[in-house]
Amino acid sequence: MTINTSGRGMDIEPLLQLNRADFTQAVEHLDFNKLSKNQIDKLTRRSYGHKLVAIREDAGITQADVIRISGLSRRRVQRYENGTYMVPSDILHLYQAIADSAAEWADLKATKDAVKFGLSITQSMKQKVLRLLHLDKK
């Protein structure tokens, strides 16, 4: 991809349309000294948006789940994730909680599988698994 660096500065709009991997790679090669504050802000918002999407997808959570959990409108969540709006700290904490919950759920599921196959686990992990099994029955 070619970024126009002639005239008043760089045209970063094509960069903002790239997928997460290409965007990350392209940003690594930018000369930030040639960018305006507004352009840097746009790149920052887009970068945060990519991070939110990565956290959500890695956790196996849909955008609809985030909307339901947060009470935010679909449009607002989309704007955070596509980099139109800067992400406030409470939304960053929400996504971090989603990531932490997904990791804990994966740990509990692995432990539940370990119990199923008779593998040795600690007493505290057994209690977590029993709570998880109880939640599964509801």
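First, a word on what this report is: a plain description of the structure on this page.

1. Structural notes on the overall build of the chain
Link 1 in the chain: Regarding its fold elements, the chain presents 7 helices and 0 strands.
Link 2 in the chain: Tracing the chain from N to C terminus, the helices and strands come up as α-α-α-α-α-α-α.
Link 3 in the chain: Relative to its 138 residues, the chain shows a buried fraction of 28%.
Link 4 in the chain: Taking contacts inside the chain between residues at least 6 apart in sequence as the whole, the part at least 24 apart equals 50%.

2. Thoughts on the packing of aromatic side chains
For any pair of aromatic rings, the description rests on two quantities: the centre-to-centre distance and the angle between the ring planes.
Link 1 in the chain: Across all of its chains, the model carries 1 aromatic pair by this definition.
Link 2 in the chain: Measuring from centroid to centroid gives 6.2 Å for Y80 and Y85, while their planes differ by 65°, and the two rings are edge-to-face.
Link 3 in the chain: Its relative accessible area of 6% is what places Y80 among the buried residues.
Link 4 in the chain: Looking at K51, its charged tip hangs above the ring of Y48, at a distance of 5.7 Å from the centre.

3. Looking at helix α2 (residues 20–28)
Along an α-helix, a turn takes 3.6 residues, which lines up residues three or four apart on a common side.
Link 1 in the chain: Of the positions making up α2, those classed as buried are F23, A26 and V27. Seen along its axis, α2 keeps its buried residues to an arc of 100°; they face one direction. Of the exposed residues in α2, the ones pointing more than 90 degrees away from its buried face are A21 and E28.
Link 2 in the chain: On its buried face, α2 sits against α1 (13–16) and α3 (37–58).
Link 3 in the chain: Where α2 begins, the capping side chain belongs to N19, and its oxygen is found 3.2 Å from the backbone nitrogen of A21.

Thresholds applied
Residues numbered from 1 in each chain as written. Predicted model: local features only at pLDDT ≥ 70, side-chain atom pairs only at ≥ 80, totals over all residues. Heavy atoms only, no water. Helix = DSSP H or I, 4+ residues; strand = E, 2+ residues; numbered from the N terminus. Buried < 20%, exposed > 50% of the residue type's maximum accessible area, 1.4 Å probe, protein only. Contact = heavy atoms within 4.5 Å. Phe/Tyr/Trp six-rings, centres within 6.5 Å; stacked < 30°, edge-to-face > 60°. Lys NZ or Arg CZ within 6 Å of the ring centre and 35° of its normal. Arc of directions from axis to C-beta. Polar contact = N/O pair within 3.5 Å; in protein donor to acceptor, adjacent residues only side chain to side chain.

Without other data, these values stay purely geometric and don't point to any function.
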